[in-house]
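Chain and residue survey
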Amino acid sequence: MPTSNPVDTVDVLVIGAGISGIGAGHYLTTELPSKTFTIIEARDAAGGTWDLFRYPGIRSDSDLHTFGYEFKPWRDKQSIADAPRILSYLHEAIDEDGLAEHIRYGHRVVSAAWSSDESQWTVEIDRSEDNARIQIKASWIFCGSGYYRYDEGFTPHFEGRDRFRGQIIHPQHWPEDLEYSGKRVVVIGSGATAVTLLPAMAEQAGHVTMLQRTPSYIMPIPREDAIANTLRRLLGDERGYQWARRKNIAQQRLVFTFCQRFPKAARRVIRSVNAKFLPAGFPVDEHFNPPYDPWDQRLCAVPNGDLFKTIREGKTSVVTDRIATFTENGILLESGRELEADIIVTATGLNLQLLGGMELSVDGEPVALPDHVVYRGLMLDGVPNLAMAIGYTNSSWTLKVGLLCEYLCKLIGYMDEHGYAAVRAEADPAMETKPVLDFAAGYVKRALADLPKQGIEGPWTMSMNYYEDQRRLRSGELVDDNLRFTTTAQYAAPAVSV
């Protein structure tokens, strides 16, 4: 692929036009209006997750009063919203901030090389329009591509897969023309995607079975937040949204803290709720009582208990077992039972990938992510002028991203005020570390060896507490002794610590 001359030089290059990248565009527009920025998106449309995934029933599993942006009220009655509503909201945000002129579609980031002599990144990009390799130079990179790999999902090896005579589908690559009316469907998995697919497909399918190796914690929640809708009606969109947001942030934190401090009590509560929603005599402990404690993995939300409703109606069922092999007609389980199927959906998870999969180097030296520690959940130690967005795993993703964007804008403003061209975080090599995501989900465990680390205290921890992050990122000191600032002329001399 030929490489053209640099096509542009910007102050900030934002990678990804999903919910994080669009949010970053807003903060750059409003907080740093003099800065130039470009948002590059590998796909041909904005929206990230909410445009990519097309499987039936796709929706959020966080309420939109916290998953939405702090700066833009969520006005829809649905709190647990479906993808088209979320996508419409994101496109409104693009229009309201005039971001369309900043977004370049079909631009897939390949690599980024930092030059201390230039105080700039040179970013290599594959442009799909003309199959060209182009470059963009940037003083800062903000990676808003999340931590999922969007070109492929995770599918484990299934013995006998080629023998199956029906269709095998991964939710990440859902065929637009899939016909499943009256057909027998087996969904392999027990996470958020699986519990969304079951009630959605049950409307047309002959029967849908969720085949799980291990149960998940599943809780019914209202699709519409009656209190939030009342607040919006009484106080108006802006004030009503802010109060609903505060309520739901506190509610999320309360549930998580209760589950962590009193796991046995939380388990009893969840089991009791499940039993009330399921048919009499249903084997709750077999199918809805995980071996791990609540919130060791993310709780799955089912709006208005739709999953349980389809089980009561006999449209769906749950099987907890292990797969021995695929057969011509379905799946043979280790128990000896065979599940017959016309369609098998492998809702077996996603692959993790930080920084959009790009290769990083600093002054010619490759950056190996596992050798680095995350500073304030935003930067990698030793890597100048690069920020990334990793949201909460125990709350709404966007809550964290908003705080990170605010902090980054303030940091760039501080550097301009003091004449600094670059900043890097510097970690103590002897610092005790642990995995950057302290979370027991399978998709996290599979990727830990390829991810950076976090420390055990101070700005080196990957906080999962919104209130703590408010104090650290919004109200706390902007800079500390872990940061090293430089002007272009100072690269040959010791860096300036603050």
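Residues numbered from 1 in each chain as written. Predicted model: local features only at pLDDT ≥ 70, side-chain atom pairs only at ≥ 80, totals over all residues. Heavy atoms only, no water.

Here we look at the overall build of the chain
The helix and strand tally for the chain stands at 13 helices and 28 strands. A compact globule built from 498 residues should have a C-alpha radius of gyration of about 23 Å, and the chain, at 24 Å, falls within 12% of that. Along the three orthogonal principal directions, the C-alpha set of the chain runs to about 75 × 55 × 45 Å. Within the chain, buried positions represent 54% of all 498 residues. Taking contacts inside the chain between residues at least 6 apart in sequence as the whole, the part at least 24 apart equals 70%. Counting only carbon and sulfur atoms, one obtains 48% of the accessible surface of the chain, whose full area is about 21,400 Å². Within the chain, the 65 negative side-chain charges are centred at a point lying 8 Å from the centre of the 52 positive side-chain charges. (Helix = DSSP H or I, 4+ residues; strand = E, 2+ residues; numbered from the N terminus. Rg over C-alpha atoms; globule rule 2.2 N^0.38 Å. Buried < 20%, exposed > 50% of the residue type's maximum accessible area, 1.4 Å probe, protein only. Contact = heavy atoms within 4.5 Å. Areas by Shrake-Rupley, 256 points an atom, 1.4 Å probe, with all protein chains shown as cover. Lys, Arg positive; Asp, Glu negative; His and termini not counted. Charge placed at Lys NZ, Arg CZ, Asp CG, Glu CD.)

Notes on the nonpolar core
Inside soluble globular proteins, nonpolar side chains tend to come together where they are buried. Counting 133 residues, the largest nonpolar core has Trp121, Trp140, Phe288, Leu355 and Leu411 as its most contacted members. Those residues in contact with Leu355 that lie beyond four places of it in its chain are Val109, Cys143, Ser145, Leu360, Leu369, Leu380, Leu386 and Met388. Judged by nonpolar contacts, the second largest core, of 12 residues, contains Phe326, Ile331, Leu339 and Ile344. (Core = buried A, V, L, I, M, F, W, Y, C linked by side-chain atoms within 4.5 Å.)

Quick look at the layout of surface pockets
Size it by volume and the second largest pocket reaches roughly 730 Å³. Around the second largest pocket, the lining is made up of 32 residues, and of these Ile221, Gln251, Gln252, Val255 and Ala301 lie nearest the centre. Those elements giving two or more residues to the lining of the second largest pocket turn out to be β11 (218-221), α6 (226-235), α7 (237-261), α8 (263-277) and β12 (300-303). (1 Å grid on protein atoms, 1.4 Å probe; cavity = no way out; pocket = protein on both sides within 12 Å on 5 of 7 lines; lining within 4 Å. Points joined across faces, edges and corners; volume = space filled by probe spheres on them.)

Some remarks on a nonpolar patch on the surface
Together, Phe258, Phe262 and Val269 make up a nonpolar patch on the protein surface, roughly 270 Å² of accessible area in all. Examined against the element boundaries, Phe262 turns out to sit in the loop between α7 and α8. (Patch = residues over 30% accessible without salt bridge, like charges linked within 9 Å, V, L, I, M, F, W, Y side chains within 5 Å. Salt bridge = Lys/Arg side-chain N within 4 Å of Asp/Glu carboxyl O.)

Observations regarding the state of the cysteines
Inspection of the entire model under this criterion finds zero disulfides. The cysteine Cys143 is free of any disulfide, with Cys405 supplying the nearest cysteine sulfur at 12 Å. Relative accessible area serves as the criterion here: at 3%, Cys143 is assigned to the buried category. Considering cysteine sulfurs only, Cys409 is the nearest to Cys405, which forms no disulfide, with 6.7 Å between them. (Disulfide = S-S within 2.5 Å.)

Let's talk about the pairing of strand β1 (residues 8-15)
In the sheet, β1 pairs with strand β6 (residues 132-143) via seven bridges, with the strands oriented parallel. Bridging from a neighbouring strand, Val12 pairs with Trp140 of β6. Here β1 runs beside strand β2 (residues 37-41); their pairing, made up of four bridges, is parallel. From the neighbouring strand, Leu13 faces β2, where its bridge partner is Thr38. Remark: the β1/helix α1 (residues 19-31)/β2 crossover connection has right-handed handedness. (Pairing = 2+ DSSP bridges. Right-handed = clockwise from strand over helix to strand, strands pointing away.)

Digging into unusual backbone geometry
Trans peptide bonds make up most of the peptide bonds, and negative phi angles are found at most residues other than glycine. With phi around 55°, Ser119 is a residue other than glycine that occupies positive phi space. Residue classification places Ser119 among the buried residues on the basis of a relative accessible area of 6%. Positive phi outside glycine occurs at Arg376, with the angle close to 55°. Of note, Arg376 is situated in the loop between β21 (374-375) and β22 (379-380). A residue is classified by how much of its surface remains accessible, and Arg376, at 11% relative accessible area, is buried.

A look at the sheet that holds strand β14 (residues 323-326)
If you walk across this open sheet you meet the three strands as β14-β15-β16, and the pairing is antiparallel. The sheet terminates laterally at β14 and β16 (338-340), the two strands that pair on one side only. Each strand axis lies, on average, 20° off the axis of its neighbour in the sheet, ignoring direction. (Axes fitted to C-alpha atoms, helices over the stretch in contact; angles between N-to-C directions.)

Thoughts on helix α4 (residues 83-96)
The end-to-end C-alpha separation of α4 is 20 Å, in line with the 20 Å expected for 14 residues at 1.5 Å each. Where the residues of α4 are buried, they touch α1, α2 (49-52), α3 (64-67), β3 (103-105) and α7. Two residues or fewer past α4, Gly98 is found with a positive phi of approximately 60°. (Expected span 1.5 Å × (residues − 1).)

Regarding empty space enclosed by the protein
Applying the stated criterion across every chain yields a total of four cavities of 30 Å³ or more. Of all the secondary-structure elements, those providing two or more residues to the lining of the largest cavity are α1, α11 (397-418) and α13 (466-475). The greatest single-element share of the lining of the largest cavity, amounting to six residues, is contributed by α11. In terms of residue class, the lining of the largest cavity is built from eight nonpolar, three polar and three charged. There is about 70 Å³ of room inside the second largest cavity. With four residues, the top contributor of residues to the lining of the second largest cavity is α7. Broken down by class, the residue content of the lining of the second largest cavity amounts to four nonpolar, four polar and one charged. (Nonpolar A, V, L, I, M, F, W, Y, C, P; charged D, E, K, R; others polar.)

Quick look at the environment of Gly47
Its location among the elements puts Gly47 in the loop between β2 and α2. Residue classification places Gly47 among the buried residues on the basis of a relative accessible area of 0%. Separated by 41 residues in the primary sequence, Gly47 and Ser88 have C-alpha atoms spaced 9.0 Å apart. Here Gly47 is in contact with Ala17, Gly18, Leu87 and Leu90, once residues within four sequence places are set aside.

Remember, this is a structural readout, not a statement about activity or role.
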